[in-house]
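Okay, here's what each chain looks like letter by letter:
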Amino acid sequence: MARKVGVSEATVSRVLNNKPGVSDATRQSVLSALDVLGYERPTQLRGERARLVGLVLPELQNPIFPAFAEVIGGALAQQGLTSVLCTQTKGGVSEADYVELLLQQQVSGVVFAGGLYAQADAPHEHYKRLAARKIPVVLVNAAIERLGFPAVSCDDAVAVEQAWRHLSSLGHRRIGLVLGPADHMPSQRKLVAARAIAEQGGGELPDEHVSRGMFSIEGGQAAAARLLDAGVTGIVCASDPLALGAVRAARRRGLGVPQDVSVVGYDDSAFMTCTEPPLTTVRQPIEAMGRAVVELLALQIAGSAVPTEELLFEPELVVRGSTGQPPQE
């Protein structure tokens, strides 16, 4: 422990025995190291919350989540807080299990990105436990109602509008959507926005032009294949991996992107400039969102009240090589 913090064993002993003669900064460093290394705090110190913040992510395969983790973790460090990364895997530790572990570690707060709060049909009891314990919490992107936590979101409606109008300006009239599951709140918002835009243009969005899949390249490929069967020439996707799956689906049919089919992603996650073709996508402002998340969390940790209304951030269309004019009929 002393080597980890860079202090003497006597200093660690004074902190663990709650003795005077140690600065607040050193005391917090020792206690944070204790938490990070997985040791239980001595009984007399358990009333203090650790300077740890749980950062709960659904996965790391989608590059947008490591990007959020990097931004949020860096901003937390500037506040003297240490992030504890909790990543779910199939058949592994669940989100509710992570919450239980974080409560045992007496964390100062929890940030969720892409969690079960975005799924209407998922279990939400562990969020209620956090609320009952008055643990500061911030959610990233659209959540179900009634949880009562502050949220920082990219505006899904504006994102779809930007992508849709881009394809329309290129001449596409048969535009389809690749979305997540029906109970997924960001996908619900995107669908509502797309239907409204289609109606504004004097048309409609047929049900066969909406396809759903799991958030993966394979899920995007299967969902996009159904849209290609319906004859769409432009596809708006709810994530970049879904968009890469749509590109794969088109190529498996011998179709060119963007010569025959145009594809727009969402996130502008890492390496989207390196795909073939480079992916046109709608960028989430993760730097600004991440700073806002940590600011809201730090205010709660300091005992200040924060508004529970959602903070909406404006996305940005990034045009690259996966979109073009539709084929001439």
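Refer to the structure presented above.
Here the structure is a predicted model, which is why all the values come from computation and not from measurement.

This next bit is on the overall build of the protein chain. Each helix and strand counted, the protein chain has eleven helices and twelve strands in total. Counting all 329 residues of the protein chain, 51% fall into the buried class. Residue pairs in contact within the protein chain that sit at least 24 positions apart in sequence constitute 70% of those at least 6 positions apart. As displayed, the protein chain offers around 15400 Å² of accessible surface, 51% of which is attributable to carbon and sulfur atoms.

Turning our eyes to something else, we now look at unusual backbone geometry. Residue Pro-258 is reached from Val-257 by a cis peptide bond, and omega for that bond is 15 degrees. With respect to the helices and strands, the residue Pro-258 is situated in the loop between helix H10 (240–252) and strand E9 (262–267). Residue Glu-276 is joined to Pro-277 through a cis peptide bond whose omega torsion reads -5 degrees. Mapped onto the secondary structure, Pro-277 falls in the loop between E9 and strand E10 (280–283). At Asp-267, a position not held by glycine, the phi torsion is positive, near 130 degrees.

Regular strands show a simple pattern: their side chains alternate between the two faces of the sheet. For E9, the tally of buried residues reaches six of six residues, placing the bulk of the element in the interior. Relative to E9, strand E8 (residues 234–237) runs parallel, the two sharing three bridges. For Gly-234, the partnering residue across the bridge sits in E9 and is Ser-262. Between E8 and its parallel partner E9, the chain crosses via H10, and the hand of that crossover is right-handed. Across four bridges, E9 lies against E10 in parallel orientation. If you follow Gly-265 over to E10, its bridge partner there is Thr-281.

This next bit is on H10. For H10, built from 13 residues, the straight-helix expectation of 18 Å at 1.5 Å per residue is met to within 8% by its first-to-last C-alpha distance of 18 Å. For H10, the complete set of buried residues consists of Asp-240, Pro-241, Leu-242, Ala-243, Gly-245, Ala-246, Val-247, Ala-249 and Ala-250. Elements in contact with the buried residues of H10: strand E6 (175–179), helix H9 (217–229), E8, E9 and E10. Measuring from the backbone nitrogen of Leu-242 back to the side-chain oxygen at the start of H10 gives 3.2 Å, which picks out Ser-239 as the cap. The first or second residue beyond H10 is Gly-254, which carries a positive phi of 80 degrees.

For any two helices packed against each other, the geometry is given by the interaxial angle and the distance between the axes. Relative orientation of the contacting elements helix H7 (residues 156–170) and helix H8 (residues 185–200) amounts to 45 degrees, with a least axis distance of 8 Å. By the angle between their directions, the pair H7 and H8 is classed as oblique. As for the relative orientation of H7 and H8, their crossing is right-handed in sense. Only Pro-186, Arg-189, Lys-190, Ala-193, Ala-194, Ile-197, Ala-198 and Gln-200 of H8 make contact with H7, whose side of the interface consists of Asp-156, Ala-157, Val-160, Glu-161, Trp-164 and Arg-165.

Its 16 residues place the ends of helix H11 (residues 286–301) 22 Å apart at the C-alpha level, agreeing with the 22 Å of an ideal helix rising 1.5 Å per residue. Buried within H11 we find Ile-286, Met-289, Gly-290, Ala-292, Val-293, Val-294, Leu-296, Leu-297, Ala-298 and Gln-300. Looking at the buried positions of H11, the neighbouring elements they touch are strand E1 (52–57), helix H4 (64–78), strand E3 (109–113), strand E4 (137–140), strand E5 (151–154) and strand E11 (311–313). Within two residues after H11, Gly-303 carries a phi angle of roughly 95 degrees, on the positive side.

This brings us to the nonpolar core. Residues Phe-112 and Ile-235 are the most contacted members of the largest nonpolar core, which totals 90 residues. Element by element, the count of residues in this core is highest for H4, at eight residues. Dropping the residues within four chain positions of it, Ile-235 is found in contact with Leu-167, Gly-176, Val-178, Ala-224, Leu-227, Leu-228, Ala-246, Val-261, Ser-262, Val-263 and Val-264. Ranked by size, the runner-up nonpolar core spans six residues in total, among them Ala-2, Val-15, Val-22 and Leu-31.

Definitions and limits used
Residues numbered from 1 in each chain as written. Predicted model: local features only at pLDDT ≥ 70, side-chain atom pairs only at ≥ 80, totals over all residues. Heavy atoms only, no water. Helix = DSSP H or I, 4+ residues; strand = E, 2+ residues; numbered from the N terminus. Buried < 20%, exposed > 50% of the residue type's maximum accessible area, 1.4 Å probe, protein only. Contact = heavy atoms within 4.5 Å. Areas by Shrake-Rupley, 256 points an atom, 1.4 Å probe, with all protein chains shown as cover. Pairing = 2+ DSSP bridges. Right-handed = clockwise from strand over helix to strand, strands pointing away. Expected span 1.5 Å × (residues − 1). Polar contact = N/O pair within 3.5 Å; in protein donor to acceptor, adjacent residues only side chain to side chain. Axes fitted to C-alpha atoms, helices over the stretch in contact; angles between N-to-C directions. Parallel < 35°, antiparallel > 145°, perpendicular 65-115°, else oblique. Left-handed = near helix turned anticlockwise from the far one by under 90°. Core = buried A, V, L, I, M, F, W, Y, C linked by side-chain atoms within 4.5 Å.

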